[in-house]
Amino acid sequence: MIDIIKAEFQKSKRTSTNKFIVITPLIALLLSFSWGGGQNGAYNWWYTMFLPGMLAIISAQVITRERDLSYKGVLLYPQDKGIIWLGKILYVSILLLLASLIFMVGVYGFGLVSESTIPLKANILASIILTLTFLFNIPISMFLTVQFNMFVSVLFNIAMTIIGVVSFDTNSILKFSPYRISSALMAPVLHILPNGLPVPENSPFLNGDMIIKDTITAIIYFIILTLLTTIWFRKKEVD
């Protein structure tokens, strides 16, 4: 598995993937700084647009590289095809973690040069939660890229994220969507709503009782989707 992940890093050396995980969080910070959004605005840009877009793109790029070679690299690799798929998911997960760390440090630096509205503890907790609750996007994006293409993968994930943000406080069937978990949890963690406004005092959105439960739920979604797509990819390659 480690060899597979190392191989993915080698493949990405001369691609835009590594640049994406650095540039994307910096753009989110720059936009907020330029438009006076502060740390709150940076987080809103990050988890409603830039993070899901970046994650969908780098997940799709991992598959597109193989498609351009007609999957010869996968077929010739002396490993179970399901293990290779899993290795790719773990590789993108590491990139997600690195991008989250860059953004977290950037937000902290943002607070040093301008007004700090997000405590360091909340900044760290928010970054951890966003990383864990966005993991499920990876197998979905990779699956959609194999079945369709990068455009469909990116469009689907951004559209579903927007729906999740808009319906973060819904009681409809959308409340079961994993795409709403991240935006719903930012309210009690950062005390800001998805629209960038502060959460009113005594608001039920400040209740943090669901943080651990919803985060674990998102991780379970990730595990289930990873297992299902791994089984699917193994059978697909055999066919």
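Residue positions are given per chain, counted from 1 along the sequence in the order it is written. Reporting in this predicted model follows two pLDDT cut-offs: at least 70 for local features of residues, and 80 or more for side-chain atom pairs to be given and counted; totals over whole chains, interfaces and linings ignore these cut-offs and use all residues. With hydrogens and water stripped out, all remaining heavy atoms of the structure feed into the side-chain values.

**Q** Where do I start with the nonpolar core in this structure?
**A** Most often, soluble globular proteins keep nonpolar side chains buried together rather than apart. Grouping buried Ala, Val, Leu, Ile, Met, Phe, Trp, Tyr and Cys residues that are joined through side-chain atoms within 4.5 Å yields what is termed a nonpolar core. Only protein chains enter the accessibility calculation, which uses a 1.4 Å probe; a residue whose area is less than 20% of its type maximum is buried, one above 50% is exposed, and one in between is partly exposed. The biggest cluster of nonpolar side chains holds 49 residues, and the ones touching the most others in it are Y43, W46, F103, L130 and L190. By the criteria applied, helices consist of DSSP H or I runs no shorter than four residues and strands consist of E runs no shorter than two, each listed in order from the N terminus. Sorting the residues of this core by element identifies α2 (17-34), α3 (38-68), α5 (81-113), α6 (120-134), α7 (137-147), α9 (181-190) and α10 (211-238) as the ones contributing at least two each. Of all the elements, α3 adds the most residues to this core, at 11 residues. Should any heavy atoms of two residues lie within 4.5 Å, those residues are counted as being in contact. With sequence-adjacent residues up to four places away left out, L190 is seen in contact with Y43, I118, A122 and A126. If you look at the next biggest cluster of nonpolar residues, it comprises 5 residues, including A184, A187, L193 and V199.

**Q** Please clarify how the pattern of salt bridges should be interpreted in this entry.
**A** Close approach of charged atoms allows side chains of opposite charge to pair. A pair is scored as a salt bridge if a Lys or Arg side-chain nitrogen falls within 4 Å of a carboxyl oxygen belonging to Asp or Glu. Under the criterion given, the structure shown has 2 salt bridges. A salt bridge links K88 to E8, with the shortest nitrogen-to-oxygen separation between them at 2.6 Å. Placement of K88 in helix α5 and of E8 in helix α1 (residues 2-11) is noted, with a sequence separation of 80 residues between them. A single network of salt bridges, built from pairs that share partners, joins E8, K11 and K88.

**Q** What's the story with the packing of α1 against α5 in this structure? I'm lost.
**A** One can describe the packing of α1 onto α5 by two numbers: an axis separation of 8 Å at closest approach and a directional angle of 60°. By the angle between their axes, α1 is oblique relative to α5. Crossing handedness for the pair α1 and α5: right-handed. For the pair α1 and α5, the contacting residues are I4, I5, E8, F9 and K11 in the first and I83, I84, G87, K88, L90, Y91, I94 and L95 in the second. Amino acids are sorted into nonpolar (Ala, Val, Leu, Ile, Met, Phe, Trp, Tyr, Cys and Pro), charged (Asp, Glu, Lys and Arg) and polar (every other residue, Gly among them). Grouping the amino acids of the contact of α1 with α5 by side-chain chemistry returns 9 nonpolar, 1 polar and 3 charged. Structural elements are reduced to axes, namely lines fitted to C-alpha atoms, with helices fitted over the stretch in contact, and the angle between N-to-C directions of any two is expressed from 0 to 180 degrees. Oblique is the label for any angle not covered by the other classes, which are roughly parallel (under 35 degrees), roughly antiparallel (over 145) and roughly perpendicular (65 to 115). Should the near helix be turned counterclockwise from the far one by less than a right angle, the crossing is left-handed, whereas a clockwise turn marks it as right-handed.

**Q** What should I look at first to understand the packing of aromatic side chains in this one?
**A** A ring pair, where both rings are aromatic, is described by two values, the distance of the centres and the angle of the planes. Pairing of aromatic rings covers Phe, Tyr and the six-membered ring of Trp, with a centre-to-centre limit of 6.5 Å; geometry is then stacked below 30 degrees between planes, edge-to-face above 60, and tilted otherwise. One pass over the full model with this rule turns up 12 aromatic pairs. Each member of the aromatic cluster is reached from another via a ring pair, and the members are W85, F143, W232 and F233.

**Q** I'm lost on the packing of α7 against helix α8 (residues 150-166) in this one. Help?
**A** Working note: a packed helix pair is described by the angle between its axes plus the distance between those axes. α8 packs onto α7 with a crossing angle of 145° between their chain directions and a minimal axis gap of 7 Å. Taken as a pair, α7 and α8 cross one another with a handedness that is right-handed. Residue-level contacts link N137, I140, S141, L144 and T145 of α7 to M150, S153, F156 and N157 of α8. A class-by-class count of the residues in the contact of α7 with α8 yields 4 nonpolar, 5 polar and no charged.

**Q** Help me understand a nonpolar patch on the surface, please; the structure alone is not making it clear to me.
**A** A cluster of nonpolar side chains, namely F33, Y108, L112, V113, L120, I124 and I128, defines an oily patch on the protein surface of about 720 Å² accessible area. Contributing elements (two or more residues each) for the nonpolar patch: α5 and α6. Among the structural elements, I128 can be located in helix α6. Each patch is built from residues that are more than 30% exposed by relative accessible area and take part in no salt bridge. Like charges join if they lie within 9 Å; nonpolar side chains (Val, Leu, Ile, Met, Phe, Trp, Tyr) join within 5 Å. Methods summary: accessible areas were calculated by the Shrake-Rupley approach with a probe of 1.4 Å, and residue burial reflects only the protein chains presented.

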